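Results of the structural survey
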Amino acid sequence: MVDTSLYVAFLVAAFVLCVTPGPDMMFIVAMGGRGGPVTGLLAALGVACAMLVHAGAATLGLSALFTTLPALYHVLRWAGAAYLLYLAVKAFRDRSLPGEEEPSAGPGRQRAFWQGAVINLLNPKVILFNVAFLPQFVDPGLGHVSAQFMLLGVTIAVMGFCVDGTVGLMSGKLAALLRGSRRVARGLNVFSGSVFAALAVRLAVAPK
């Protein structure tokens, strides 16, 4: 179904992309720092599930709409930036210790999954990335083009979860070691809020 040499090249390229720090990884670090190891892991799982959705959209050709409808791109971009700013404000206002499960403060574990998924889904750069990157490793001559797209999409999602999940666990464990100090906890929340705000600005001002 796939060209072996193309798939090997894809694995190498995907691994380099996954270990290179980017917005998703920074978001997961911030979530793990605020909520602990499980929160960081679930944020990574949310991002990975969103990547599967992107892969499905690319397979169906829906992602190509963003190359022909610039307005749709900008609507999604501003929605993503607004959501990140919302998370930044919540983090700046949070006074809980890392890992505390307070309804009004701090990322709950289930919430962390959905926040990771939403952040990734509302990032049009990820959609355009799938449009530009995945087709390079698809061989139409072998047939089953949709299946090839999905295999590549599942592969990069699983690989990304392995890398990002490890990062989320490590950042969460570090935060857990420091959770006894409210001053340090406050610093972690400020750090997380700063990361969210920076990602929002990056998404808002970055050219298409």
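Residues numbered from 1 in each chain as written. Predicted model: local features only at pLDDT ≥ 70, side-chain atom pairs only at ≥ 80, totals over all residues. Heavy atoms only, no water.

1. Focus on the environment of Gln115
Positionally, Gln115 belongs in helix α6 (residues 109-121). Gln115 sits 71 residues away from Ala44 along the chain, and the two C-alpha atoms are 9.9 Å apart. (Helix = DSSP H or I, 4+ residues; strand = E, 2+ residues; numbered from the N terminus.)

2. Focus: the nonpolar core
Of all hydrophobic cores here, the largest spans 18 residues; its most connected members are Phe27, Ile28, Met31, Leu84 and Phe196. Going through the elements one at a time, α2 (23-35), α3 (37-60), α5 (70-93), α6 and α9 (182-205) are the ones with two or more residues in this core. Examining the composition of this core, we find that five residues originate from one element, α9, more than from any other. Not counting residues within four places of it along the chain, the set of residues in contact with Ile28 comprises Gly40, Ala43, Ala44, Val47, Asp164, Gly168 and Ser171. Grouped together as the second largest cluster of nonpolar side chains are 17 residues, Ala14, Val126, Leu134 and Ile156 included. (Core = buried A, V, L, I, M, F, W, Y, C linked by side-chain atoms within 4.5 Å. Buried < 20%, exposed > 50% of the residue type's maximum accessible area, 1.4 Å probe, protein only. Contact = heavy atoms within 4.5 Å.)

3. With respect to the packing of α2 against helix α8 (residues 145-177)
A packed helix pair is summarised by two numbers, namely the angle formed by the two axes and the spacing between the axes. Following both chains from N to C, one finds α2 and α8 inclined at 30 degrees, their axes separated by 7 Å at the closest point. On the basis of their axis angle, the class for α2 and α8 is roughly parallel. For the pair α2 and α8, the crossing hand works out as right-handed. Where α2 abuts α8, its residues Met25, Ile28, Val29, Gly32 and Gly33 lie against Val163, Asp164, Val167, Gly168, Ser171, Gly172 and Ala175. (Axes fitted to C-alpha atoms, helices over the stretch in contact; angles between N-to-C directions. Parallel < 35°, antiparallel > 145°, perpendicular 65-115°, else oblique. Left-handed = near helix turned anticlockwise from the far one by under 90°.)

4. A closer look at the packing of aromatic side chains
One pass over the structure, following the stated rule, counts six aromatic pairs. For the ring pair Phe10 and Phe137, a centre distance of 5.3 Å and an interplane angle of 70 degrees mean the geometry is edge-to-face. In this pair, Phe10 sits in helix α1 (residues 4-19) while Phe137 sits in the loop between α7 (124-133) and α8, placing the two residues 127 residues apart along the sequence. You'll find Phe10 and Phe137 in the same group, each marked buried. Taken together through their ring pairs, the aromatic side chains of Tyr7, Phe10, Phe133 and Phe137 make up a single cluster. (Phe/Tyr/Trp six-rings, centres within 6.5 Å; stacked < 30°, edge-to-face > 60°.)

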